[in-house]
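# Coordinate inspection notes
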Amino acid sequence: MDSTTDEPRNESLAEGITEEHRLSKGFDFRSAFALAFADISPIVALYAIFALGLFAAGPAFFWAFPVVLAGQLLVAAVFGELASRWPYAGSVYQWARHVQGTPWGWFAAWAYMWGLTIALSTLSYGAAGFLLEIFDVKNPARWLTTLVALVIIGIGTLANMIGRRVLKVMVVASIIAEVLGSVGLGTILLLFYRANPFGTLFDGFGTQGNGLWLTGPALIAVAFVGWSFLGFESAGSIGEEVEEPERNVPKAIILSLLFVALVVMYSSVALILAIPDLSKVMAAKSGDPVAYTLTAHFGGGIGRPLLILFVIGFLSSFLAVQAAVSRCVWGSARDRSLPGSGLLDRLRGPERLPVYSILLTGVVAGLLVLLAGSNLYSVLVNFTTIGFYIAFGVPVAGAALSHLRGTWRPGAFSLGRWSAPVTYAATVWIIFETLNIVWPRQTPGTPWYVTWSMVITTVALGIIGIFVYLGVRGRIRAPIGTRLGMPPEKNEPGAERTEGAGPVPDAE
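In short, a report on the structure.

## Structural notes on the overall build of the protein
- The secondary structure content of the protein amounts to 22 helices and zero strands.
- Over its C-alpha atoms the protein spans a radius of gyration of 23 Å, differing by no more than 12% from the 23 Å that the globule rule assigns to 508 residues.
- Dimensions of the protein, computed from C-alpha atoms along their principal axes, come out at roughly 70 × 45 × 45 Å.
- Summarising the internal contacts of the protein: among those between residues at least 6 apart in sequence, 83% fall at separations of at least 24.
- Total accessible area computed for the protein in this model is approximately 19,900 Å², and 67% of it derives from carbon and sulfur atoms.
- If the 33 positive side-chain charges of the protein are averaged to one point and the 32 negative ones to another, these points end up 3 Å apart.

Structure below.
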C-alpha cells in the first residue's frame, strides 16, 4: 500500500493517533500556495538583501537570483516528492524521519525549529522599525523598538491561535499588496525612470579587486540570495490540514517558490536600472539604495507607502513562518520527540489548532527579541539561514541515499525517471550552498565571533540537541505513517520502530 494515495485505516487502533491528535482539514491548494508565498515574501526576500548584494558584488549580483532559484527548484522538486509520500505536519521532520529514520528526522526538526523561531524574532523586530518610521518616530530607543516587536509577536501569535480563517485572510491580503506593490512599482521604474543601461546588470563595479568576480563577489552574492528563497517548504508543514495533500502540497511548494522568484527578479532589475548616480552609490557603499532610488524619483512622499508595504511583507511572513514552525513543534510533540510533549501536542478551539505549540514559538521569539541589539542576538540571527539549509539538507540527502539503495517508492507526485538525478543534483546544491553560507568571511571592524557565528551556533545548538535527543529518544514513538496502519516498505529505515513505540497494527 502506498502511504500517500490511500486513506489511513484502523486509525482508532493506532498507538497515540486518535481524533484529538489529528489536525482538521482547513486549507486547499490556494491556501497552501498563499501560505508558502507569504512565508518567502517578495518584499522580505528582496529588500532585506538588496543593499548587501549590491555592495558586495555590484549590479551584477542580480545573476545570483537565477542561480539560487535553479538550485532551490531542485530542492523544491524533491520536497514535492517527499510531501506526496508523507503529507504529515512538520515537513522536513516527517520527510527525513520516514525516509531515513528517527535520528535524521529529529535533528532536521531541531535545526528547523531554531532557524524559524529565530526568524520570527528578526521579522518582528524589522517590522517594528518600519512601523515606528510610519509614525515619524526618528531614531527610536532600543526599548521602544523591542516593545513594539513584542506587541507584534503577541498579535501575530494570537492571530495564528484564533483560527485558519484569520490566517488565510491576512495572508491573501498581504499577497495582493505585495504583488501590486512590487510588480506595479517595478513596471513604473522600468518604463519611466530607468537611469542605467541594461548592460549595467553585467557590471561588478570593481568589487572583484585583483581577483575574479566569479570566485569572490559572485559567491558572496549567492550566499546572500540564498537567504531570499526560503520558506516554500511551509506548504508541507501544514500537509495534514490540506485537502488532497498528496497532489496539492507538491504543487504549492514548487509554484510558490517560482512565483515569488519571478516577482523578486523583476523588481530587482527595475531597481538596479533605476538607481541614479550609481557610481556614487557604489563608491559610498552605505545607506539604503532602495530608499535613495525611490526618494530620488518620487520625492519624500513615497516613503510612507513604501514603509507600509514593508510592514505588510514582514507581518505576513511572520504569520506564515509561525504557522510552519508550530506545526513542526506539534508534529514532533505528537511523536513524543520533545520535552513537554504532553502539552505541546494538544489541539484546542473549534478549528482544533496546536495552540500550545504556537504559543511556545511566540514566547521563545519574544525572549530572543529581548536580546536585540546585543552581540549574542547577532550571533543567533546568523543561524537562521544555516538552520534552514541544514534542515533542508537532511531530508534531501536522505532521499538521495534511498535512491542509491533502491528503496525509493514514488507517491502521487513523482518526477519519474528524473527523480534520482534531480535528487542527487539537489543534494550537491545544498552541500555547496551550505558551505558557501557558513564560510567565515572576515570584514573590517567585525568581531571574530560574529564572523564565525554560524559555525559557533551550529556547533553549540548541535551539542545541546544531542543531549535533548538522548533524553527523549527512549519514548519516541514509531513514525506516524507506520502508526496509522501503513505497512513498512522493505529495507526502508523510516519504517523502523523506535524504543518506546507502541504496537503497530497491521493494515487491512
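## Things to note about the pattern of salt bridges
- Tallied over the entire structure, the rule returns eight salt bridges.
- When the shortest N-O distance is used, the salt bridge between Asp136 and Arg304 registers 2.9 Å. Pair noted here: Asp136 is in the loop between helix H6 (102–134) and helix H7 (142–162) and Arg304 is in helix H14 (residues 303–334), with a separation of 168 residues, a long-range link.
- Judged by its relative accessible area of 48%, Asp136 is partly exposed.
- Here Glu351 makes a salt bridge to Arg164, at a shortest N to O gap of 3.6 Å. One end of the pair, Glu351, is in the loop between helix H15 (341–344) and helix H16 (355–369); the other, Arg164, is in helix H8 (residues 164–192), with 187 residues separating them in the sequence. Neither Glu351 nor Arg164 differs from the other in exposure class; each is buried.
- Overlapping salt bridges, with partners in common, bring together Arg164, Glu241, Arg327 and Glu351 in one network.

## Digging into empty space enclosed by the protein
- In this structure the tally under the stated criterion is five cavities of 30 Å³ or more.
- Empty space within the largest cavity amounts to approximately 160 Å³.
- As for the largest cavity, its lining consists of 14 residues, and the residues nearest its centre are Asp39, Ala119, Trp227, Ser317 and Phe388.
- Counting only elements with at least two residues in the lining of the largest cavity, the list comes to helix H1 (29–40), helix H2 (42–47), H6, H14 and helix H18 (383–405).
- Class assignment of the residues belonging to the lining of the largest cavity gives a composition of nine nonpolar, four polar and one charged.

## Some words on the packing of helix H4 (residues 64–85) against helix H11 (residues 245–274)
- Orientation of H4 relative to H11, taken along the N-to-C sense of each, is 170 degrees, at an axis distance of 8 Å. When the axis of H4 is compared with that of H11, the two are roughly antiparallel. Packed against H4, whose contacting residues are Phe65, Pro66, Leu69, Gln72, Leu73, Ala76, Ala77, Phe79, Gly80, Ala83 and Ser84, the element H11 presents Glu246, Val249, Pro250, Ile253, Ile254, Leu257, Leu258, Ala261, Val264, Met265 and Ser268 at the interface.
- Tallied by class, residues from the contact of H4 with H11 come to 17 nonpolar, four polar and one charged.

## Some words on the environment of Leu123
- Counting through the fold element by element, Leu123 comes out in helix H6.
- For Leu123, a relative accessible area of 6% puts it in the buried group.
- Separated by 214 residues in the primary sequence, Leu123 and Ser337 have C-alpha atoms spaced 27 Å apart.
- Ignoring anything within four residues of it in the chain, the contact list for Leu123 reads Val44, Phe314, Ser317, Phe318 and Val321.

## Overview of H18
- In this model, H18 (23 residues) spans 32 Å end to end at C-alpha, consistent with the 33 Å of a helix rising 1.5 Å per residue.
- By the criterion of burial, H18 is predominantly enclosed, with 18 of the 23 residues buried.
- Gly406 occupies a position one or two residues after H18 and carries a positive phi of about 80 degrees.

## As for the packing of aromatic side chains
- Counted by the stated rule, this structure contains 29 aromatic pairs.
- With a centroid separation of 5.3 Å and an interplanar angle of 15 degrees, the aromatic rings of Trp106 and Trp110 are classed as stacked. One end of the pair, Trp106, and the other, Trp110, are both in helix H6, four residues apart, so they sit about a helical turn from each other.
- Residue class for Trp106 comes out buried when judged on its relative accessible area of 3%.
- For the ring pair Phe107 and Tyr469, a centre distance of 5.6 Å and an interplane angle of 50 degrees mean the geometry is tilted. Of the two residues, Phe107 sits in helix H6 while Tyr469 sits in helix H21 (residues 453–472), which places them 362 residues apart along the sequence.
- Residue classification places Phe107 among the partly exposed positions, given a relative accessible area of 27%.
- One aromatic cluster is present, built from ring pairs that chain together Phe50, Phe61, Phe62, Trp63, Phe65, Phe202 and Phe229.

## Points about the side chain of Glu178
- Turning to its location among the elements, Glu178 is positioned in helix H8.
- Within the buried set, Glu178 has no salt-bridge partner at all; the shortest N-O distance to an opposite charge, 18 Å, is to Arg30.

## Digging into a nonpolar patch on the surface
- Taken together, the side chains of Leu150, Leu359, Val363, Leu367 and Leu370 present a nonpolar region at the surface, about 420 Å² in accessible area.
- Sorting elements by how many residues they give to the nonpolar patch places H16 first, with three residues.
- Along the polypeptide, Leu370 turns up in the loop between H16 and helix H17 (375–381).

## Let's talk about the side chain of Ser357
- The residue Ser357 is located in helix H16 in this model.
- For Ser357, a relative accessible area of 0% corresponds to the buried category.
- Discounting residues that sit within four places of it in the chain, Ser357 has contacts with Ser326, Val329, Trp330 and Leu344.

## Thoughts on the layout of surface pockets
- If you add up the space inside the largest pocket, you get close to 1,700 Å³.
- Lining the largest pocket are 47 residues, with Ala48, Ile49, Leu52, Phe224 and Asn382 sitting closest to its centre.
- The residue makeup of the lining of the largest pocket, split by class, is 27 nonpolar, 14 polar and six charged.

## Re the nonpolar core
- Counting residues in hydrophobic clusters, the biggest one holds 140 residues, and the most contacted among them are Phe65 and Phe79.
- Once residues lying within four places of it in the same chain are set aside, the contact partners of Phe79 are Val92, Trp95, Phe232, Glu233, Ile253, Phe392, Pro395 and Val396.

## Observations concerning the packing of H7 against H14
- Running from amino to carboxyl end, H7 crosses H14 at an angle of 55 degrees, the nearest separation of the two axes being 10 Å. Between H7 and H14, the interaxial angle falls into the category oblique. Judged by the sense of rotation from one axis to the other, the crossing of H7 with H14 is right-handed. Side by side, H7 and H14 meet where Ile152, Ile153, Gly156, Thr157, Ala159 and Asn160 of the first sit next to Leu315, Phe318, Leu319, Gln322 and Ala323 of the second.
- Tallied by class, the residues present in the contact of H7 with H14 amount to seven nonpolar, four polar and no charged.

Reading the values: the criteria
- Residues numbered from 1 in each chain as written.
- Predicted model: local features only at pLDDT ≥ 70, side-chain atom pairs only at ≥ 80, totals over all residues.
- Heavy atoms only, no water.
- Helix = DSSP H or I, 4+ residues; strand = E, 2+ residues; numbered from the N terminus.
- Rg over C-alpha atoms; globule rule 2.2 N^0.38 Å.
- Contact = heavy atoms within 4.5 Å.
- Areas by Shrake-Rupley, 256 points an atom, 1.4 Å probe, with all protein chains shown as cover.
- Lys, Arg positive; Asp, Glu negative; His and termini not counted.
- Charge placed at Lys NZ, Arg CZ, Asp CG, Glu CD.
- Salt bridge = Lys/Arg side-chain N within 4 Å of Asp/Glu carboxyl O.
- Buried < 20%, exposed > 50% of the residue type's maximum accessible area, 1.4 Å probe, protein only.
- 1 Å grid on protein atoms, 1.4 Å probe; cavity = no way out; pocket = protein on both sides within 12 Å on 5 of 7 lines; lining within 4 Å.
- Points joined across faces, edges and corners; volume = space filled by probe spheres on them.
- Nonpolar A, V, L, I, M, F, W, Y, C, P; charged D, E, K, R; others polar.
- Axes fitted to C-alpha atoms, helices over the stretch in contact; angles between N-to-C directions.
- Parallel < 35°, antiparallel > 145°, perpendicular 65-115°, else oblique.
- Expected span 1.5 Å × (residues − 1).
- Phe/Tyr/Trp six-rings, centres within 6.5 Å; stacked < 30°, edge-to-face > 60°.
- Patch = residues over 30% accessible without salt bridge, like charges linked within 9 Å, V, L, I, M, F, W, Y side chains within 5 Å.
- Core = buried A, V, L, I, M, F, W, Y, C linked by side-chain atoms within 4.5 Å.
- Left-handed = near helix turned anticlockwise from the far one by under 90°.

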